[in-house]
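Observations on the model geometry
The chain contents come next:
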Amino acid sequence: MSLTAERVSMAFGGLVALDSVTLTVPDRAIIGLIGPNGAGKTTLFNCLTGLYAPTSGRVLLGGRPLKADPAEAARLGVARTFQNIRLFSGMSALENVLVGRHTRINQGLMSALFHGPAFRRSEAEATGRARAELAFVGLDPDGHVPAHSLAYGDQRRLEIARALAGDPAVLMLDEPTAGMNGAETTAIRALIGAIRDRGIAVVVIEHDTKFIFSLCDHVHVLVRGRILVSGPPEAVRTDPRVIEAYLGTTECSK
Ligand SMILES: Nc1ncnc2c1ncn2[C@@H]1O[C@H](COP(=O)(O)OP(=O)(O)OP(=O)(O)O)[C@@H](O)[C@H]1O
């Protein structure tokens, strides 16, 4: 189910953060979004995930307009993680993933109140699925530890597990390797590949351009709210406009 921004603009007062951005996230693609600080990357994520209503333009999921409603976007299949980790820090790792799973569970009120068989079955299914997602991202499937006691990199993995538990069609990752060392970054690259192998499209914002160029099928470069260049990593990496406007000769020529 493809996700599309169609001439999306977003202004905050007089500041134009996005200026007529059009891009598509095809099924099963890994899409990179790079650009200097303040280019509008997170604002575009916020529009694509229903957090912001664009000032103009539309967001389409599977060809249908997506409302500016993050809960609805999640239910329809658009999941995300945040630049600054947003976990329920006092809850266990497992409970955090269950929260993601519950966007999918449609349990009748009466059944929930009386903890009937349908409720118990669905809770058991949800717990099993949450444990599987913990294992998938490389965390202990028991998930008993409080989220706040996990190492920073593991908290990022937990956020990904929670997003996956909602059965997304598209997963949006805002700086998934921020603060990680080389080995952790390599592991996250493998994890994103495995997510795509499950049939999920992934959109990644990263400042680490090497990471993006080695991971993505297609890269968009956002500069001052506009798409400057789009294309396969090798074409973007060597594009003189990108080298000049964003990356700087030394960094990009690697
Ligand atoms: N809620 C807001 N209210 C006002 N201005 C905002 C808001 N959110 C973002 N901006 C402004 O919009 C512009 C784009 O910001 P955004 O955070 O989308 O950029 P970014 O590319 O994600 O930057 P970074 O790489 O530093 O995270 C910036 O000038 C920012 O100050």
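Residues numbered from 1 in each chain as written. Predicted model: local features only at pLDDT ≥ 70, side-chain atom pairs only at ≥ 80, totals over all residues. Heavy atoms only, no water.

1. Things to note about the domain arrangement of the protein chain
- We note that the domain assignment places domain 1 (1-77 + 168-254) and domain 2 (89-167) within the protein chain.
- When each unit is reduced to the centre of its C-alpha atoms, the spacing between domain 1 and domain 2 is 27 Å.
- On the domain 2 side, the residues contacting the 21 residues of domain 1 number 15 residues.
- A combined buried area of about 1,400 Å² lies between domain 1 and domain 2, and 65% of that area is made up of carbon and sulfur atoms.
- Of all residues in domain 1, Pro168, Leu191 and Arg198 give up the largest surface area on contact with domain 2, accounting jointly for 39% of the area buried on that side. (Domains from an automatic or database assignment. Contact = heavy atoms within 4.5 Å. Buried area = accessible area lost by both parts, 1.4 Å probe.)

2. Considering the pattern of salt bridges
- One pass over the structure, following the stated rule, counts 12 salt bridges.
- Linking Asp167 and Arg129 is a salt bridge whose minimum nitrogen-to-oxygen distance equals 2.7 Å. Of the two residues, Asp167 sits in the loop between helix H6 (152-164) and strand S7 (170-174) while Arg129 sits in helix H5 (residues 117-136), which places them 38 residues apart along the sequence.
- Residue class for Asp167 comes out partly exposed when judged on its relative accessible area of 33%. (Salt bridge = Lys/Arg side-chain N within 4 Å of Asp/Glu carboxyl O. Helix = DSSP H or I, 4+ residues; strand = E, 2+ residues; numbered from the N terminus. Buried < 20%, exposed > 50% of the residue type's maximum accessible area, 1.4 Å probe, protein only.)

3. Here we look at the side chain of Arg101
- With respect to the helices and strands, Arg101 occurs in helix H3 (residues 93-101).
- What makes Arg101 buried here is its relative accessible area of 8%.
- Residues within four places of Arg101 in sequence aside, it is in contact with Glu125, Ala126, Arg129, Ala165 and Asp167.

4. What about the sheet that holds strand S2 (residues 15-25)?
- If you walk across this open sheet you meet the 4 strands as S2-S1-S4-S5, and the pairing is antiparallel. This sheet does not close on itself; its edge strands, each paired only once, are S2 and strand S5 (64-65).
- When strand S1 (residues 3-12) meets strand S4 (residues 56-61), the two strands line up antiparallel, connected through 5 bridges. Across the sheet, Leu3 pairs through a bridge with Leu61, a residue of S4.
- In the packing of helix H1 (residues 41-48) onto the sheet, contacts are made with S1, S2 and S4, and the angle to S1 comes to roughly 120°. (Pairing = 2+ DSSP bridges. Axes fitted to C-alpha atoms, helices over the stretch in contact; angles between N-to-C directions.)

5. As for the packing of H5 against H6
- Direction vectors running N to C along H5 and H6 enclose 140°, while the axes themselves pass 9 Å from each other. Comparing the axis directions of H5 and H6 gives the class oblique. Considering only the axes of H5 and H6, their crossing is right-handed. Only Leu158, Ala161 and Leu164 of H6 make contact with H5, whose side of the interface consists of Arg129, Glu133, Leu134 and Phe136.
- Here the residues of the contact of H5 with H6 are counted per class, giving 5 nonpolar, no polar and 2 charged. (Parallel < 35°, antiparallel > 145°, perpendicular 65-115°, else oblique. Left-handed = near helix turned anticlockwise from the far one by under 90°. Nonpolar A, V, L, I, M, F, W, Y, C, P; charged D, E, K, R; others polar.)

6. Considerations on the pairing of S2
- Relative to S2, S1 runs antiparallel, the two being bridged by 7 bridges. Across the sheet, the residue bridging to Met10 is Leu18, located in S2.
- If you look at the hairpin formed by S1 and S2, you'll find 2 residues sitting between the two strands, and Gly13 has a positive phi there, around 60°.

7. A word on the site of the ligand
- Near the ligand there are 14 residues, and of these Gly38, Gly40, Lys41, Thr42 and Thr43 occur at the shortest range.
- Within the side chain of Lys41, one N or O atom sits 2.7 Å away from an oxygen atom of the ligand.
- A distance of 2.8 Å is found between an oxygen atom of the ligand and a backbone nitrogen or oxygen belonging to Thr42.
- Calculation on the ligand without its partners gives an accessible area of 630 Å², and the protein chains cover 64% of this total. (Near = heavy atom within 4 Å. Polar contact = N/O pair within 3.5 Å; in protein donor to acceptor, adjacent residues only side chain to side chain. Areas by Shrake-Rupley, 256 points an atom, 1.4 Å probe, with all protein chains shown as cover.)

8. Some details on H5
- For H5, spanning 20 residues, the distance from its first C-alpha to its last is 28 Å, which sits close to the expected 28 Å at 1.5 Å a residue.
- Within the sequence span of H5, burial applies to Phe119, Ser122, Ala126, Arg129, Ala130, Glu133 and Leu134. Angular distribution of buried residues about the axis of H5 spans 140°; they occupy a single face of the element. When the buried face of H5 is taken as reference, the exposed residues oriented beyond 90 degrees from it are Pro117, Arg120, Arg121 and Ala124.
- Positive phi appears at Gly138, one or two residues downstream of H5, with a value of about 95°. (Expected span 1.5 Å × (residues − 1). Arc of directions from axis to C-beta.)

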